[in-house]
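Remarks on the overall topology
What follows is the residue order along each chain.
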Amino acid sequence: MAHSTAVSTQLLIGGRIYSSSSLDATAMAVTDGMVVWVGADRPGRALYPDAEVVELDGAFVAPGFVDPHVHVTGLGLQLIGLDLARARSLAHCLELIREYAAAHDDVVLTGQGWDETGWPEQRPPTLAEVDAAVGPGRMAYLVRVDAHSAVVSTPMLAAVPRARDAAGYTAGEPLRAAAHHLVRQAMIERLDRTQRDRARRAALDHAAAHGVVSVHECAGPEISGRTDITELLEFEHGVEVRAYWGEAVRSAEEATALMKELGAHGLAGDLFVDGSIGSHTAWLRAPYEGRGTTGVSYLDADAIAAHVRACTEAGVQAGFHAIGDGAIDAVVQGFSRVAAEVGAPALAARGHRLEHAELLDATHIAKLAEYGVIASVQPGFDAAWGGSDGMYARRLGVERAAALNPFAAMAAAGVALAIGSDAPVTALNPWEAVRAAAHHRTPGHQISPRAAFSAATRGAWRAGGVRDGIAGTLVPGAPASYAIWDATELVVAAASDSVQRWSTDPRSRVPGLPRLDPGTPAPACLRTVHRGTVIHQV
């Protein structure tokens, strides 16, 4: 007997459905924004004779991606503004700045993504060079690829007189730490609402076009400010935004009040314990290669413990940005103090987060697993800067660099992973993030494509507090949040450091994924649907 179907039922047929409940599924039924059935074409047509039929023509249907670490307005400014990631040299960078300045009259000329470590000159632009490139009287803010340092024009620096007296200001060098945070905030405030909204739409459209149904905004007073997070949460778009605010608190009452004031979903994300390796501001135990500095410390173990304690008592998800081993030492100490008071299970129940978690050892990993801390990681960092000849190796030395981003050890110890981009730092392109995790540049650190895909879907939902066991899957009862991809052969693959066991045999009882060998084209997104609503379509 056929099921009775409402007009709102859709039946997708003739495709390849990534579902743990029906590993060889070719069809899926969706009613009122929920997956109600997964199986084969013929039974689907019989069960849902009145449904609207969507012919997939062999396309691949998979759960929609969630990016758990994004700076939406910053990504949008990169997309609609000056993208310096393509600069091949310092001279080319200055040429791009000159061309953009001549063609645009933005109140603040913004550019993102320069990286001097790949240039023959091996140095960033100077203030004088920026002034000459943008022209007299122009405010310009040009942020490094890692977003933890920037070069600016003289008028931009003059607009923030406090920056010269702040930590991180050294004449003739890029702005870092507090000096950079002050200038970045001034830059965002000088953009008008129309420009900010145009950037947000560009960023969220871009996310939807890459199969992303939800992003986690990692905001904070030192990143984008209260105005930006308020406007973003008011902004209407089909991509769901979960907003984190990176500001430390010392009591449950303060945590509750701050959440209510901002409408935030957690006091986590980029709550800085340190900076970045590329800008020499990640907090290390031992100095950087060729430099007498161990980076920057923004929060100590006392402040970390106070924040975790306050958020745990208030029922709020806490989290931190920590990259260097010195920073992760402090984070683990802070969590350990709270665990001693409330118990590790009570701590783990909150699902607190750690962003980046790059330079960590076995003790760190074991403690994070014990305390149920979710690691929000970015495999694109390793793809861009890893390897024996990459930026990490030049900053830290080859031996220390080889310890970065040990995804396999983290997963094996029980640390839940959520894979994202930190866009605009690395590209918001989930398939490339999955590829980077599966083909880590350090042997032994990679995870399987399937584990990486799960971390970019189910794991990322979990990192956002959704623990229903079905979000990020395509099984009956799950939200109909999925993307349809133009993909060729589907395969099952082991992690790339073992013997490659590629298979298209359905008897493996493991859902297949598009082939992600280095150099192979990533799937192209044809349609993105969130809770039954189309948010992108080619």
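Residues numbered from 1 in each chain as written. Predicted model: local features only at pLDDT ≥ 70, side-chain atom pairs only at ≥ 80, totals over all residues. Heavy atoms only, no water.

1. Quick notes on the overall build of the chain
To keep it simple, the criterion reads: Here a strand is any run of E in DSSP of at least two residues, a helix any run of H or I of at least four, and the numbering for each starts at the N terminus. With the radius of gyration taken over C-alpha atoms, the globule rule is written as 2.2 Å times the number of residues to the power 0.38. Exposure categories follow from relative accessible area, calculated using a 1.4 Å probe and restricted to protein chains: below 20% of the type maximum is buried, above 50% is exposed, and the middle band is partly exposed.
Of the regular secondary structure elements, the chain holds 20 helices and 23 strands. For the chain, the C-alpha radius of gyration of 23 Å lies close to 24 Å, the compact-globule estimate for 538 residues. Projecting the C-alpha coordinates of the chain onto the three principal axes gives extents of approximately 75 × 60 × 50 Å. Residues classed as buried in the chain amount to 59% of the 538 residues present.

2. Quick look at the side chain of Gln317
Counted only if it meets this: N or O atoms closer than or at 3.5 Å make up a polar contact, with two conditions inside protein: a donor-capable atom paired with an acceptor-capable one, and, for residues adjacent in sequence, both atoms drawn from side chains. By definition, residues are in contact when any of their heavy atoms lie within 4.5 Å.
Positionally, Gln317 belongs in the loop between α10 (301-314) and β15 (319-322). At 3.4 Å, the side chain of Gln317 forms a polar contact with the side chain of Arg242. Polar side-chain contacts of Gln317 include one of 2.5 Å to the side chain of Tyr244. Those residues within four positions of Gln317 in sequence are excluded, and the remaining contacts are Arg242, Tyr244, Gly266, Leu267, Ala268, Arg350, Gly351, His352, Arg353 and Ala463.

3. A look at the sheet that holds strand β22 (residues 524-530)
Basically, it comes down to this: In short, DSSP must find at least two bridges between two strands for them to pair.
Taken together, the five strands give an open sheet; going across it, the order is β2-β6-β19-β22-β23, and neighbouring strands pair in mixed fashion. In this open sheet, the two strands that pair with only one neighbour each are β2 (16-17) and β23 (533-537). Of the strand pairs in this sheet, β2 and strand β6 (residues 60-63) are connected by two bridges, and their pairing is parallel. In the sheet register, Arg16 faces β6, and the bridge partner there is Phe60.

4. Quick word on the domain arrangement of the chain
Keep this limit in mind: Domains are outlined according to an automatic or database domain assignment.
Structurally, the chain comprises domain 1 (9-65 + 474-537), domain 2 (73-189) and domain 3 (248-464). Using only C-alpha atoms to locate each centre, domain 1 and domain 2 end up separated by 43 Å.

5. Quick look at the layout of surface pockets
Just so we agree on the cut-off: The pocket and cavity definitions rest on a 1 Å grid over protein atoms only: a 1.4 Å probe that fits but cannot leave marks a cavity, an open set with protein on both sides within 12 Å along at least five of seven lines marks a pocket, and residues lining either have an atom within 4 Å of a point. Grid points are joined across faces, edges and corners, and a volume is the space filled by probe spheres set on the points. The nonpolar class holds Ala, Val, Leu, Ile, Met, Phe, Trp, Tyr, Cys and Pro. Asp, Glu, Lys and Arg form the charged class, and all remaining residues, Gly among them, are polar.
Of the pockets and cavities examined, the largest pocket occupies roughly 580 Å³. Around the largest pocket, the lining comprises 33 residues; the ones closest to its centre are Ala85, Ala384, Val425, Thr426 and Ala427. Of all the secondary structure elements, the ones that give two or more residues to the lining of the largest pocket are α2 (72-80), β9 (108-114), α14 (379-385) and α18 (430-438). In terms of residue class, the lining of the largest pocket is built from 18 nonpolar, 10 polar and five charged.

6. Quick look at the packing of helix α9 (residues 252-262) against α10
Using the following cut-off: Angles shown run from 0 to 180 degrees and are taken between the N-to-C directions of axes, each axis being a line fitted to C-alpha atoms and, for helices, limited to the stretch in contact. Any angle that falls under 35 degrees is termed roughly parallel, while one over 145 is termed roughly antiparallel, one within 65 to 115 roughly perpendicular, and all others oblique.
Direction vectors running N to C along α9 and α10 enclose 70°, while the axes themselves pass 7 Å from each other. Relative to α10, the element α9 is oriented roughly perpendicular. On α10, the residues touching Ala252, Ala255 and Thr256 of α9 are Ala310, Glu313 and Ala314.

7. A few points about α9
For clarity, the threshold we go by: By construction, the arc corresponds to the directions joining the helix axis to the C-beta atoms.
Within the span of α9, buried status applies to Ala252, Ala255, Leu258, Met259 and Leu262. End-on, the buried residues of α9 take up no more than an arc of 130°, which puts them together on one face. In α9, those exposed residues whose orientation departs by more than 90 degrees from the buried face are Glu253, Lys260 and Glu261. For α9, the elements touching its buried residues are α8 (225-234), β14 (240-245) and α10. At the C-terminal side of α9, Gly263 shows a positive phi close to 75°.

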